[in-house]
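Here's the letter readout for the chains.
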Amino acid sequence: MAFSLVFSNPSKSFSFPSCVHRHHVNIPRSAVLTNTWLSPPSSRFFSIPSPSPLPKPWSRSGGALKCSLPSRPEYIPNHIPDPNYVRIFDTTLRDGEQSPGATMTSNEKLVVARHLSRLGVDIIEAGFPASSPDDLDAVRSIAIEVGNQPVGEDGHVPVICGLARCNKKDIDAAWEAVRHAKKPRVHTFIATSEIHLQHKLRKTREEVVNIAREMVAYARSLGCQDIEFSPEDAGRSDREFLYHVLEEVIKAGATTLNIPDTVGYTLPSEFGKLIADIKANTPGIENAIISTHCQNDLGLATANTLAGAYAGARQLEVTVNGIGERAGNASLEEVVVAMKCRQELLGGLYTGINTKHIFMASKMVAEHTGLHVQPHKAIVGANAFAHESGIHQDGMLKHKGTYEIISPEDIGLSRSNESGIVLGKLSGRHALRSRLLEFGYDISGKELDDVFKRFKEVAEKKKRISDEDLEALISDEIFQPPVIWSLSELQATCGTLGLSTATVKLVSSDGEEKIACSIGTGPVDAAYKAIDSIVQVHAVLKEYAMNAVTEGIDAIATTRVVISGDDSYTSMHALTGETMRRTFSGSGASMDVVVSSVRAYISALNKMLGFVSAMRASKENTEKQNISH
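Overview of the structure. Here the structure is a predicted model, which means the values were calculated and not measured. (Residues numbered from 1 in each chain as written. Predicted model: local features only at pLDDT ≥ 70, side-chain atom pairs only at ≥ 80, totals over all residues. Heavy atoms only, no water.)

On to the packing of helix 13 (residues 445-459) against helix 14 (residues 467-477), then. Running from N to C, helix 13 and helix 14 point in directions that differ by 135°, and their axes come no closer than 10 Å. Here helix 14 runs oblique to helix 13, going by the angle between their axes. Crossing hand, helix 13 versus helix 14: right-handed. Contact with helix 13, carried on its side by Asp450, Val451, Arg454, Phe455 and Val458, involves Leu470, Leu473, Ile474, Asp476 and Glu477 of helix 14 and no other residues of that element. (Axes fitted to C-alpha atoms, helices over the stretch in contact; angles between N-to-C directions. Helix = DSSP H or I, 4+ residues; strand = E, 2+ residues; numbered from the N terminus. Parallel < 35°, antiparallel > 145°, perpendicular 65-115°, else oblique. Left-handed = near helix turned anticlockwise from the far one by under 90°. Contact = heavy atoms within 4.5 Å.)

Okay, here's the thing in structure tokens:
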């Protein structure tokens, strides 16, 4: 591909062949396309790719941007036929799950993966198979189902990727997990920065180059034709050494080169220059795709990701809601919507994401991980399309474009209630389902029956059911792990005159009823102790939080808890290799704060017990396979 330097005068551009290496072109900053947050300081220069004009995937109507989907080019591991197309690599199920308390069950991962496919994600990094047998099974299930099931009008099938450190055991596990997919990929990595070489790996540069080259070649020898390599902490690595490592892994068969800003240290100008320098100075780079992976430690992950795309990266690694290690990752919704909103400034770059599924993806990930979205989060936060200021409201009433640059409908959020239906205790299933469809929840059958039952219970106590009430009920019914124990009855007493007591009746998945009574420092403590006596598993409450969904004394309360088990519930951290004790989150909702708390605790216990069951089944299958061999 050629490079073009785009000037303020659109009629003038100059191209340089991509085979030129280790050259920097000095151009006055004033002549470069004005984009100050992406442009490097005056002492640094990088070339900007010149894409061909494309139809804009957004059109403006009534002040807001409307979305239409461009065609997706054919998938070739080391080449993208359309130089303007940018692949979206989602790592919610791998890096996102490294957030404390964000553990998902295998079934929850499968549900999220299905929606990511519907969203139009190009590559799904489904997990770190070597971390535990359960994770390997989860990635394998995603590869078999999601990795072979076409979705959408274009029959899109995502690439299914598994992460592996640069060793044969990890790569074997990753390949075993993803090889069942139509488009399997192995993603392997090793650190290249001096601080990591000295203090973590304790290896020389030559040793690291040899390991990287050999392990990429090993993955290739297994039959994997799509291999991604990441030089961990590339943002702080020596440039010449980085070029050399990348050159060697390309020769060994790497098809994608992911450039991580592992600690979120770089500024957009630095990261853009890093990508441009790699593109200009790495021999063989024309035979691979450059990717970005930006952490958010300084709050710059989205900005750095866009700077990388602007400088030539054609794969962007992101997570839904920006979840991930420490301060998180680049946010999928922010990156994708920013690219569509400012496409002309980014040279016509586009993705294959269907933005109408963004809101549901955000909601699903928040509920399954237990990591709720902050109200002022861009694109998907509760306040993202809220206007309280009188001046803003006046402008919105006159023309939506005065204060909204995108339409909420374009991310799948509809709060207009155009039908004029007000839900209350006399509303039926059809009215409820109609309103849920406006939110993007297409449910029927038993799921609808369960939600409708809870809706009627609340409607008997509240005159009018708000949108927030409905969302709380939906979360408490749909976004729950498989039921092992469910709450049947609860009675609690508390006050200043005596000990708090609770009586709990639980029903197991096979219909067995068990009752227990307990005392505690409060009604919630007493109820949790009663549940523990029934379930008979060790659980430690790590976090407890409650919020009122709406204002008023009759508001629904939502509760989130995080629990941990004993030392047998562990997994391996992808980057450090350390064994981590797993935590499990749960959520519940009710107009009664004690019932809400109990529902959340049972949800977390069900998730933990489901994990134990999956681990046991995986171990038994492994033993059977060993015996048969």
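Before going further, it helps to examine the packing of helix 1 (residues 106-119) against helix 10 (residues 358-369). What describes two packed helices is the angle between their axes and the distance between those same axes. For the pair helix 1 and helix 10, interaxial distance at closest approach is 10 Å and the crossing angle is 165°. The angle between the axes of helix 1 and helix 10 places the two elements in the roughly antiparallel class. As for how helix 1 packs across helix 10, the hand of that crossing is left-handed. Contacts from Glu108, Val111, Val112, His115 and Leu119 of helix 1 reach helix 10 at Ile358, Met360, Ala361, Met364, Val365 and His368. Tallied by class, residues from the contact of helix 1 with helix 10 come to eight nonpolar, two polar and one charged. (Nonpolar A, V, L, I, M, F, W, Y, C, P; charged D, E, K, R; others polar.)

Ile160, Phe229, Ile259, Ile278, Leu432 and Phe455 are the most contacted members of the largest nonpolar core, which has 114 residues in total. Top element by residues in this core is helix 6 (residues 239-252). It accounts for eight residues. If you count residues domain by domain, this core takes at least three from each of domain 1 (87-369) and domain 2 (427-479). Other than its neighbours up to four places away in sequence, isoleucine 160 contacts Ile124, Ala126, Ile142, Ala143, Val146, Gly147, Val178, Ala181, Lys183, Pro184 and Arg185. With 26 residues, the next largest nonpolar core counts Ala516, Ala530, Val535 and Val594 among its residues. (Core = buried A, V, L, I, M, F, W, Y, C linked by side-chain atoms within 4.5 Å. Buried < 20%, exposed > 50% of the residue type's maximum accessible area, 1.4 Å probe, protein only. Domains from an automatic or database assignment.)

With 13 residues, helix 2 (residues 133-145) ought to run about 18 Å at 1.5 Å a step, and its terminal C-alpha atoms sit 18 Å apart, in line with that. Asp134, Asp135, Leu136, Ala138, Val139, Ile142 and Ala143 are the residues of helix 2 that are buried. (Expected span 1.5 Å × (residues − 1).)

The buried fraction of strand 20 (residues 583-590) is high, at eight of eight residues. Burial along strand 20 is two-sided: Thr583, Ser585, Ser587 and Ala589 facing one way and Phe584, Gly586, Gly588 and Ser590 facing the other are all buried. With eight bridges connecting them, strand 17 (residues 557-564) and strand 20 associate as antiparallel partners. If you follow threonine 559 over to strand 20, its bridge partner there is glycine 588. (Pairing = 2+ DSSP bridges.)

This part takes up the packing of aromatic side chains. For the structure on display, the rule yields four aromatic pairs. Centroid distance phenylalanine 452 to phenylalanine 455: 6.1 Å. Interplanar angle 35°. Geometry classified as tilted. With phenylalanine 452 and phenylalanine 455 both in helix 13 and three residues apart, this pair spans about one turn of that helix. The two residues phenylalanine 452 and phenylalanine 455 agree in class, both being buried. Ring geometry for tyrosine 528 and tyrosine 601: centres 4.0 Å apart, planes at 10°, overall stacked. Of this pair, tyrosine 528 sits in helix 15 (residues 523-535) while tyrosine 601 sits in helix 16 (residues 593-628), and the two are 73 residues apart along the sequence. Residue tyrosine 528 is classed as buried on the basis of its relative accessible area of 6%. (Phe/Tyr/Trp six-rings, centres within 6.5 Å; stacked < 30°, edge-to-face > 60°.)

Think of a sheet as strands paired side by side through backbone hydrogen bonds, with each pair either parallel or antiparallel. Strand order in this closed barrel of eight strands is 5-6-7-8-9-10-11-12, and the pairing throughout is parallel. Ignoring strand direction, the axes of neighbouring strands in this sheet form an average angle of 25°. Seen against the sheet, helix 6 touches strand 9 (227-232) and strand 10 (256-261) and runs at an angle of roughly 160° to strand 9.

Quick look at empty space enclosed by the protein now. Evaluated as defined, the whole model comprises two cavities of 30 Å³ or more. In terms of lining residues, the second largest cavity is bounded by Glu108, Glu367, Gly370, Phe479, Gln480, Pro481, Ser585, Gly586, Ser587, Ser603 and Lys607. Listing elements by their share of the lining of the second largest cavity, those giving two or more residues are strand 20 and helix 16. Examining the composition of the lining of the second largest cavity, we find that three residues originate from one element, strand 20, more than from any other. (1 Å grid on protein atoms, 1.4 Å probe; cavity = no way out; pocket = protein on both sides within 12 Å on 5 of 7 lines; lining within 4 Å. Points joined across faces, edges and corners; volume = space filled by probe spheres on them.)

Oppositely charged side chains can form a pair if their charged atoms are brought close together. Overall, the coordinates contain 37 salt bridges when judged by the stated rule. In this structure, the salt-bridge partner of lysine 607 is glutamate 108, at a minimum N-O distance of 3.6 Å. A residue pair is termed long-range when its members are at least 10 positions apart, and lysine 607 in helix 16 and glutamate 108 in helix 1 qualify at 499 residues. What makes lysine 607 buried here is its relative accessible area of 2%. Salt-bridge contacts for lysine 446 lead to aspartate 450; the nearest nitrogen and oxygen are separated by 2.8 Å. One end of the pair, lysine 446, and the other, aspartate 450, are both in helix 13, four residues apart, so they sit about a helical turn from each other. With a relative accessible area of 27%, aspartate 450 lands in the partly exposed category. Three or more residues joined by partner-sharing salt bridges are found here, namely Glu97, Lys109, Asp135 and Arg582. (Salt bridge = Lys/Arg side-chain N within 4 Å of Asp/Glu carboxyl O.)

Along the chain, histidine 293 falls in strand 11 (residues 289-294). Judged by relative accessible area, which is 6%, histidine 293 ranks as buried. Among the polar contacts made by the side chain of histidine 293, one reaches the side chain of aspartate 95 at a distance of 3.2 Å. Those residues in contact with histidine 293 that sit more than four places away from it in its chain are Thr91, Arg94, Asp95, Asn258, Ile259, Pro260, Asp261, Glu317 and Asn329. (Polar contact = N/O pair within 3.5 Å; in protein donor to acceptor, adjacent residues only side chain to side chain.)

Moving on, we come to the environment of aspartate 567. Within the element layout of this structure, aspartate 567 appears in the loop between strand 17 and strand 18 (570-572). Put simply, aspartate 567 and methionine 580 are 13 residues apart on the chain and 9.0 Å apart in space, counted from C-alpha to C-alpha.

With antiparallel pairing, the three strands of this open sheet are ordered in space as 13-14-15. At either margin of the open sheet sits one strand with a lone partner, and together these are strand 13 (485-493) and strand 15 (513-520). Here the average twist between neighbouring strands, direction ignored, is 20°. As judged from the eight bridges shared by strand 14 (residues 500-508) and strand 15, these two strands associate in the antiparallel manner. In the strand pairing of strand 15, valine 507 is matched with glutamate 513.

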